[in-house]
Amino acid sequence: MLAGVGGKTVVEAKSRMSYREAQQWASFIQSNGPLSHTRRLEAMIAKVCWVIQAVHGGKLDISDFLPDYDQSVEDEPEATLEQFAAILRMARVK
């Protein structure tokens, strides 16, 4: 679940946390940012990047500097065996 809030799985969280508590956590996250250390760091770096580009006249939104977690891996085409072999050949240490 969300950084371990309520448990490690949805089923575990539902058995340990009321709907009201889940709403309170959602409100807290909306106000204070993500609970995950990685996502908090990404959010901080995105804010710094956004400020720098805004100072220099940029018109981008802060979301342009954040990873797109909604993009499904299923949307990406699967690599062929030949493409995978080519990647391994390129990464080979000489």
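Just so it is clear, the structure is predicted and the values come from calculations on it, not from any experiment.

A.B. asks: What exactly am I supposed to notice about the packing of aromatic side chains here?
C.D. replies: Counted under the stated rule, the structure contains one aromatic pair. Both rings, one in Trp-25 and one in Phe-28, keep their centres 5.9 Å apart while their planes meet at 80 degrees; by these two values the pair is edge-to-face. On the criterion of helical spacing, the pair formed by Trp-25 and Phe-28 is a turn pair, its members being three residues apart in helix 2 (residues 19-32). Residue classification places Phe-28 among the partly exposed positions, given a relative accessible area of 39%.

A.B. asks: Explanation requested: a nonpolar patch on the surface in the structure shown.
C.D. replies: The grouping of Leu-41, Met-44 and Ile-45 at the surface amounts to a nonpolar patch, some 300 Å² of accessible area in total. Structurally, the position occupied by Met-44 is in helix 3 (residues 37-55).

A.B. asks: So what exactly am I meant to see when it comes to the side chain of Gln-53 here?
C.D. replies: Within the secondary structure, Gln-53 is located in helix 3. Contact partners of Gln-53, with chain neighbours within four places excluded, come to Gly-58, Lys-59, Leu-60 and Phe-65.

A.B. asks: Any chance you could explain helix 3 here in plain terms?
C.D. replies: In an α-helix, one turn spans 3.6 residues, which is why side chains three or four residues apart end up on the same side. An ideal rise of 1.5 Å per residue puts 27 Å on 19 residues; helix 3 measures up with 27 Å between its terminal C-alpha atoms. Considered for burial, the residues of helix 3 that qualify are Ala-43, Ala-46 and Gln-53. Down the axis of helix 3, the sector holding all buried residues measures 95 degrees, keeping them to one side. The exposed set on the far side of helix 3, more than 90 degrees from its buried face, consists of His-37, Lys-47 and Val-55. Positive backbone phi, approximately 90 degrees, marks Gly-57, located one or two places after helix 3.

A.B. asks: Looking at this structure, I do not really get the layout of surface pockets. What am I missing?
C.D. replies: Approximately 400 Å³ is the volume attributed to the largest pocket. Pro-34, Arg-39, Glu-42, Ala-43 and Leu-66 are, among the 16 residues lining the largest pocket, the residues nearest its centre. Among the elements that take part in the lining of the largest pocket, helix 3 stands out by supplying seven residues, more than any other.

A.B. asks: Is there a simple way to think about the confidence of the model for the protein chain in this case?
C.D. replies: Caution applies to low-pLDDT regions: their predicted coordinates should not be interpreted in detail. Mean pLDDT over the protein chain works out to 82, with 83% of the residues at or above the 70 mark. Across the protein chain, helix 3 holds the top mean pLDDT of 92, while helix 1 (residues 10-16) sits lowest at 79.

Calculation criteria
- Residues numbered from 1 in each chain as written.
- Predicted model: local features only at pLDDT ≥ 70, side-chain atom pairs only at ≥ 80, totals over all residues.
- Heavy atoms only, no water.
- Phe/Tyr/Trp six-rings, centres within 6.5 Å; stacked < 30°, edge-to-face > 60°.
- Helix = DSSP H or I, 4+ residues; strand = E, 2+ residues; numbered from the N terminus.
- Buried < 20%, exposed > 50% of the residue type's maximum accessible area, 1.4 Å probe, protein only.
- Patch = residues over 30% accessible without salt bridge, like charges linked within 9 Å, V, L, I, M, F, W, Y side chains within 5 Å.
- Areas by Shrake-Rupley, 256 points an atom, 1.4 Å probe, with all protein chains shown as cover.
- Salt bridge = Lys/Arg side-chain N within 4 Å of Asp/Glu carboxyl O.
- Contact = heavy atoms within 4.5 Å.
- Expected span 1.5 Å × (residues − 1).
- Arc of directions from axis to C-beta.
- 1 Å grid on protein atoms, 1.4 Å probe; cavity = no way out; pocket = protein on both sides within 12 Å on 5 of 7 lines; lining within 4 Å.
- Points joined across faces, edges and corners; volume = space filled by probe spheres on them.
- pLDDT = per-residue confidence, 0-100.

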